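If you want the building blocks of each chain, they are given just below.
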Amino acid sequence: MTELYIPKNEWRTNNAEEIKNFLTFRGISFARWKASHPLSQEDNESTILKAYEHELRPFMDKHGFQSADVINIHPKMDNLLALREKFLSEHTHSEDEVRFFVDGSGKFWFNLKNEIDDDDLVVCVTCTKGDFLSVPQGIKHWFDLAPEYFVKAIRIFTSKEGWVAQYTQSGVDKKYNQV
Ligand SMILES: [Fe+2]
C-alpha cells in the first residue's frame, strides 16, 4: 500500500489525497493512474505503454517529454545489490524524474530541506502499483529497491543525459537506509 512516512515526527499516512497534498505543496506531482485494459506479468513494454497512453501522452505533450520506457527489476536478477546501491545515495538530476509504478514497490526518499520546511525534513514515499510521481530537477532524493527488489516502472525522459545522477555526498541517506 502506498505510504508517506516522516521519520522526524514518526508520522505516516496511506491516504492518497493526504500524500498528494503534502507532495504537491513541495513541488512534487503525485497521481494515481489506472490502466485502460488489464495487464499480465508477461506483457511487454509496448503493451504496458499502450495501457497507460491515455495518461502518459497528455503529460508528455504538456511538459515536452520525448521518450518513454519500462524498467523491470525483479528478485531473480543477479546484480540486485549493485543495482540497489546505484539508486541509494542522495542525488539530484538536471531534468525532472518521472516514474509510474506499473507493479511492485519501492521507497522514494526526499530531502526537502528548503525555506518552506524545517531544516531537516526527510520523507519517504513507499510507491506501489498505480502511483505516478514527477520529481522536479534539483530536488534531493534517493530510491531504495529493498526489501522487495521488484519494480516495474514507466520512465519518461526529455533526454537520458539529464537523468544522470549528480550525487550530493551529503551522507544524509545513511541515517535512514536499512543496511
Ligand atoms: Fe533519481
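Predicted, not measured: the structure shown is a model, and the values here were computed from it.

Caption draft 1: Highlighting the coordination of the iron ion. Taken together, the protein donors to the iron ion comprise H91 (NE2), H93 (NE2), E97 (OE) and H141 (NE2), at separations of 2.0 to 2.2 Å. For the iron ion, the four donor atoms are set out with angles of 79 to 168 degrees between them, so the coordination reads as irregular. Here the donor residues of the iron ion are spaced in sequence according to H-x1-H-x3-E-x43-H. Note on E97: relative accessible area 5%, which makes it buried.

Caption draft 2: View of helix 1 (residues 16-25). Three or more residues of helix 1 are buried, namely I19, F22 and L23. In a view along the axis of helix 1, the buried residues occupy a sector of 90 degrees, so they form one face of it. Where the residues of helix 1 are buried, they touch strand 1 (3-6), strand 2 (11-13), strand 3 (29-32), strand 7 (122-128) and strand 8 (131-135). Capping of helix 1 at its N-terminal end is provided by N15; its side-chain oxygen lies 2.9 Å from the backbone amide nitrogen of E17. One or two residues past the end of helix 1 sits G27, with phi positive at roughly 90 degrees.

Caption draft 3: Quick peek at the pattern of salt bridges. Applying the stated rule across the entire model yields seven salt bridges. Across the pair D69 and R155 runs a salt bridge whose closest N-O atoms are separated by 2.8 Å. With D69 in strand 4 (residues 67-73) and R155 in strand 10 (residues 150-157), this pair connects stretches of sequence that are 86 residues apart. Both residues of the pair, D69 and R155, count as buried. Residue R84 pairs with D144 through a salt bridge whose shortest N-O separation is 2.7 Å. Of this pair, R84 sits in helix 4 (residues 80-87) while D144 sits in strand 9 (residues 140-144), placing them 60 residues apart in sequence. One exposure class covers both R84 and D144, and it is buried.

Caption draft 4: Representation of the state of the cysteines within the structure. For the structure shown, the criterion picks out zero disulfides. C127 supplies the cysteine sulfur nearest to C124, a cysteine that is in no disulfide, at a spacing of 8.2 Å. A relative accessible area of 0% places C127 in the buried class.

Caption draft 5: Just helix 3 (residues 53-63), in detail. Of all the residues in helix 3, the buried ones are L56, F59 and M60. An end-on view of helix 3 places all buried positions within 100 degrees of arc, on one side of the element. Every exposed residue of helix 3 that faces more than 90 degrees away from the buried side is listed here: D61 and K62. On the buried face of helix 3, the contacting elements are helix 2 (45-51), strand 4, strand 6 (97-111), strand 8 and strand 10. With its phi angle positive at about 75 degrees, G64 sits one or two positions after the end of helix 3.

Caption draft 6: Just the pairing of strand 10, in detail. For strand 10, the tally of buried residues reaches eight of eight residues, placing the bulk of the element in the interior. Side chains F150, K152, I154 and I156 project from strand 10 onto one buried face, and the interleaved V151, A153, R155 and F157 project onto a second face that is buried too. Both strand 4 and strand 10 contribute to a ladder of seven bridges, which runs antiparallel. Within strand 10, the residue paired with V70 across the bridge is I154. Summarising the sheet, strand 6 and strand 10 pair through seven bridges and their orientation is antiparallel. In the sheet register, S105 faces strand 10, and the bridge partner there is F150.

Rules behind the numbers
Residues numbered from 1 in each chain as written. Predicted model: local features only at pLDDT ≥ 70, side-chain atom pairs only at ≥ 80, totals over all residues. Heavy atoms only, no water. Donors = N, O, S within 2.8 Å, 3.2 Å for Na, K, Ca; no water. Tetrahedral: all angles 85-135°; square planar, octahedral: opposite > 155°, others 65-115°. Buried < 20%, exposed > 50% of the residue type's maximum accessible area, 1.4 Å probe, protein only. Helix = DSSP H or I, 4+ residues; strand = E, 2+ residues; numbered from the N terminus. Arc of directions from axis to C-beta. Contact = heavy atoms within 4.5 Å. Polar contact = N/O pair within 3.5 Å; in protein donor to acceptor, adjacent residues only side chain to side chain. Salt bridge = Lys/Arg side-chain N within 4 Å of Asp/Glu carboxyl O. Disulfide = S-S within 2.5 Å. Pairing = 2+ DSSP bridges.

By themselves, these are just geometric observations and shouldn't be taken as functional.
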